[in-house]
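What follows is the residue order along each chain.
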Amino acid sequence: MSVLRDYAAAVSQPTLPLSSLPHGPADLSRYDEVVDADGGLRPAWQSLAGLALALTPSELARVEGEITRFLADDGVTYVRPDSGAQPWQLDPVPLVVDAASWAPLETGLAQRAELLNAVLADLYGPQTLLSSGIVPAAAVRGHSGFLRPLARATAADRHPLLLSGTDLGRDADGEWRVLADRVQAPSGLGFAMENRRVISQVLPDLYQQSDPHRMEPYFSALHATFSALHATLAASAPEGVAEPRVVVLTPGPHSETAFDQAFLARGLGLSLVQGSDLVVRGGRVWMKPTGWPRREPTEQVDVILRRVDAEWCDPLELRSDSRLGVAGLTEAVRRGTVRLVNGLGAGVLENPALLPYLPAACEALLGEQLRLPAVPTWWCGDDEARTTVLERLRAQDPTLLVRTIDGSRRDLAGRDTAAVAARIEAAPHRYVGQELLPLSQAPVWTGEGARARALIFRAFTLRHGSAYRPLLGGLATVRESPDAAPTTKDVWVLKAAEGDADQGLVEIGPLPGGRSAPSIAPRALDDMFWSGRYAERAEDLLRLVLTAQQQLDLAGAGRASHTSARVLRESIHRLAGPGPDAADADFRSLLLDPARVGSAAHALSRLREALDGVRDQLSGDTWRVFAGIDRASRALRASSHAHRTAESAGRMLTVVLSLQGVTANMMRDTGWHFIEAGRFLERALQVCHVLRVVVDRRDARTERAVLEALLTASESIVTHRRRFRGSVRLGDVLDLLLRDPDNPRSLAFCLAELRTHLAAAPASTGSTRPERLVDDLENLTEAIDTDALGDAVDGIRSPLSALLDDLTAQLEQLGDAIDELHFESGPPPVALSSLALIEELMEARA
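Residues numbered from 1 in each chain as written. Predicted model: local features only at pLDDT ≥ 70, side-chain atom pairs only at ≥ 80, totals over all residues. Heavy atoms only, no water.

1. A few points about the overall build of the protein
In terms of regular secondary structure, the protein is built from 29 helices and 19 strands. Looking at the protein as a whole, 56% of its 846 residues are labelled buried. Considering only contacts within the protein whose residues lie at least 6 apart along the sequence, 70% involve residues at least 24 apart. Of the roughly 34,400 Å² that the protein leaves accessible, carbon and sulfur atoms contribute 50%. (Helix = DSSP H or I, 4+ residues; strand = E, 2+ residues; numbered from the N terminus. Buried < 20%, exposed > 50% of the residue type's maximum accessible area, 1.4 Å probe, protein only. Contact = heavy atoms within 4.5 Å. Areas by Shrake-Rupley, 256 points an atom, 1.4 Å probe, with all protein chains shown as cover.)

Structure follows, in structure tokens:
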């Protein structure tokens, strides 16, 4: 049974139920991306008919499962403000466009990018469009994306637009229309690359037969463009700055498109930074060094690929409540010491009020007719257009969308018509009316069959060399409803002839060579340090759970094992607080409940958050760790059997241990040293914690069982047996876990590693407070008399208890000292009304 054949038969019948499709009433005809008006396959699909029609429900179900697994392994998510990170949805059936259909769209996209660049340069420079009346001034100056502090007649940037996104939809005749321009911080290119990577692997035969334009050359062109910008701005770098740099400015890991941003940064070899990682000094943008603000910055930032909306980029001159930007960035842009991609004021181009005037602007600025029309739009600041909108609004025309010029593309007309009309009358320049396209439809696999869904296509255009080049491909999105999570499609643009160059680009020449050592911001180092701590915390707690479960399984063999299991549970409760009375329920809680502070689930959740903040620094293998943990968690939730708890804990431990393998292959840079420092600091604390199980003295048999459980949980049981030939003495165990410099699980070993990794930190001098605290801890450890620690009064080994208290307190002080020296970034930014910040701005302008 062919899924596409069944789909073609369904959509070729006039009784097709279109009412489930969003963005338009059911009685409007729709263009179908796969099936033509006669019920046959469109040209793009005809060449693939043999393989495409062989796609059966079972085959697509298999493909769907593989897509889910691939995306989970890569950690691909889309963050929704209301529900947090959601799995990225990718439909197995691509959107396929033949070369003949693509050619006019490619030309129109290139022209549109050139036009938008010219409009942007004019609006912030000579403003001839406004002075001549081609574009109404109120339509521009009433839009929040127009940044007055950047408008000046002497603006010299002729190419402020480097990368643009264009949202497109087809009308009933199949003609592409522009729905919106995405130029402020266009997102989706990373998602498009990931979609292509996954689909090419799960449908290799179909992909190879179709031979669509590969995306890699376009990505290389993007890299080359930034390299050219790099070289252009190198001349403006201060004397002594040998490596001018490009960074990606992100709102942070909780941004809706955090994966997309990190994908670009990692793929282009750029640093992913947040506003708190940068500082403006002397009218220039700098990376904050470790130890800031005690250490002065030395690495200037020359190009910023920004993914932060302009109004949030500078709390001094734009939004004073922003914590996402850099105070003084606007002044640096005015001085020309930093280049923003796209230009800081590019958001004005997303103003739908511009759409009716772009044909005239195209003739005025380029001397050409506009090739790619937009969806019909009426700006209500124009009397005639306002009359049209109000008449259709009051007639409750279902094909009219009413929206504000700088709000989301939400339809206001479905609400109180009189109230919306009154708002338009009160401030007409703030509103536009737009025609609702029926939008084309495409098949989407639902698990039960292919269903028709309305489709929007996002295309991307890059300025490479002296021309704008559209990506031959892009990102298609379908939705069940306007509020539903998006499902995406890979976009295949077929070649006109076999052997055509991918993306129409000859091979990109070699990029500038030379080794660089990019610095890492204190915020990122903090995330790396804590990722090491949380990884070790999760590992050690999982070992405790497994050992306790093992002792429970042996409890029937005698009282000693039962006591050992109880002691280990008490140890776990000191870390994670008390849980359910039943042991299995308690252990399930430790593995599944991230709200239980101190649990393995909590540590793993915080580990994921820390690594999300430095995704650009990490191998893609990192996210397979969390995919494995998620699978183990789902299996545990789906089963109530007690054996599943130990099995899931074992699977989680195996996956967490694989993270060490990923870390072992990292460059030995500052970030790696702080991951390892965090790991060994946490391990030292865990050693002190777990040794508390032997503070109470017990009978010989129980003591032996507890000591063996302690060694097992500390991954030292094999070493102990080989060294001490089966004899289990408290003094030997304490020596192995406290003083043995060759045991990776000993306190002494951890302190030696801490010394090494802290010495590699840029702010370390050999005499900083963290290094002095390590000295004190090493001296204390070397002086330990392990035999004397076994002395007990009233069944309590007071010397051991006091030592563990002292060691724990000093290790916690060491953690605080590391944070204070290496990660603190000075006071948080404050609002424009602050006298200190005003003085700083005046100093920068002097």
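2. Side note on the pairing of strand β6 (residues 245-249)
With five of five residues buried, β6 is to be regarded as a mostly interior element. In β6, alternate side chains face the same way, and those of Arg245, Val247 and Leu249 on one face and Val246 and Val248 on the other are all buried. Across five bridges, β6 lies against strand β10 (residues 301-306) in parallel orientation. Across the sheet, residue Val247 finds its bridge partner in β10, namely Ile304. With three bridges joining them, β6 and strand β7 (residues 271-273) adopt parallel strand pairing. Bridge pairing links Leu249 to Val273 in β7. As a crossover connection, the stretch from β6 through helix α11 (residues 258-268) into β7 is right-handed. (Pairing = 2+ DSSP bridges. Right-handed = clockwise from strand over helix to strand, strands pointing away.)

3. Brief notes about the sheet that holds strand β13 (residues 400-404)
The strand order across the open sheet formed by three strands is β12-β14-β13, and the pairing between neighbours is antiparallel. In this open sheet, the two edge strands, each paired with only one partner strand, are β12 (377-379) and β13. Taken over all neighbouring pairs, the strand axes of this sheet differ in orientation by 20° on average, direction set aside. Where β13 meets strand β14 (residues 431-435), five bridges bridge the pair, whose relative direction is antiparallel. Across the sheet, Arg403 pairs through a bridge with Val432, a residue of β14. In the packing of helix α14 (residues 383-394) onto the sheet, contacts are made with β12, β13 and β14, and the angle to β12 comes to roughly 115°. (Axes fitted to C-alpha atoms, helices over the stretch in contact; angles between N-to-C directions.)

4. Here's the deal with the environment of Ala459
Here Ala459 shows up in strand β16 (residues 450-464). Distance in space between the C-alpha atoms of Ala459 and Gly165 is 5.6 Å, their sequence separation being 294 residues.

5. Looking at the packing of aromatic side chains
Going through the model one piece at a time under the given rule, you end up with 15 aromatic pairs. Aromatic side chains Tyr207 and Trp492 sit 5.6 Å apart centroid to centroid with 70° between the ring planes, which places their arrangement in the edge-to-face category. With a gap of 285 residues between them, Tyr207 in helix α9 (residues 204-210) and Trp492 in strand β19 (residues 487-493) connect regions that are remote in the sequence. Comparing Tyr207 with Trp492, the two get one shared label, buried. Relative to Phe823, the ring of Phe529 has its centre 5.4 Å away and its plane inclined at 45°; by these criteria the two rings are tilted. (Phe/Tyr/Trp six-rings, centres within 6.5 Å; stacked < 30°, edge-to-face > 60°.)

6. Examining empty space enclosed by the protein
Scanning the model with the defined rule gives four cavities of 30 Å³ or more in all. Estimates place the volume of the largest cavity at around 110 Å³. Every residue lining the largest cavity is listed: Asp540, Leu544, Arg683, Gln686, Val687, His689, Val690, Ala713, Ser714 and Arg745. Mapped by element, the contributors of at least two residues to the lining of the largest cavity are α16 (522-553) and α22 (670-690). Residues belonging to the lining of the largest cavity are distributed by class as follows: four nonpolar, three polar and three charged. The volume enclosed by the second largest cavity comes to roughly 80 Å³. Lining the second largest cavity we find Ser531, Gly532, Ala535, Leu611, Leu618, Thr622, Leu659, Val662, Thr663, Met666, Ile675 and Arg679. (1 Å grid on protein atoms, 1.4 Å probe; cavity = no way out; pocket = protein on both sides within 12 Å on 5 of 7 lines; lining within 4 Å. Points joined across faces, edges and corners; volume = space filled by probe spheres on them. Nonpolar A, V, L, I, M, F, W, Y, C, P; charged D, E, K, R; others polar.)

7. Let's talk about the nonpolar core
Ranked by size, the top nonpolar core spans 92 residues in total, and within it Leu710, Leu738, Leu811 and Leu814 carry the most contacts. Excluding its chain neighbours within four sequence positions, the residues that come into contact with Leu710 are Val690, Leu691, Val693, Val694, Val733 and Leu737. Within the second largest apolar cluster, 72 residues are counted, among which are Val348, Ile405, Ala476 and Val478. (Core = buried A, V, L, I, M, F, W, Y, C linked by side-chain atoms within 4.5 Å.)

8. Some words on the pairing of β10
The buried count for β10 comes to six of six residues, which makes it a mostly enclosed element. The pairing of β10 with strand β11 (residues 339-341) spans three bridges and is parallel. The partner of Val303 across the bridge, within β11, is Arg339. Crossover connection from β10 via helix α12 (residues 329-335) to parallel β11: handedness right-handed.

9. Quick look at the sheet that holds β11
Overall, parallel pairing links the four strands, which are arranged β7-β6-β10-β11 in an open sheet. Every other strand in the sheet has two partners, leaving β7 and β11 as the edge strands with one partner each. On average, each strand axis in the sheet is tilted by 30° relative to the strand beside it, whichever way the strands run.

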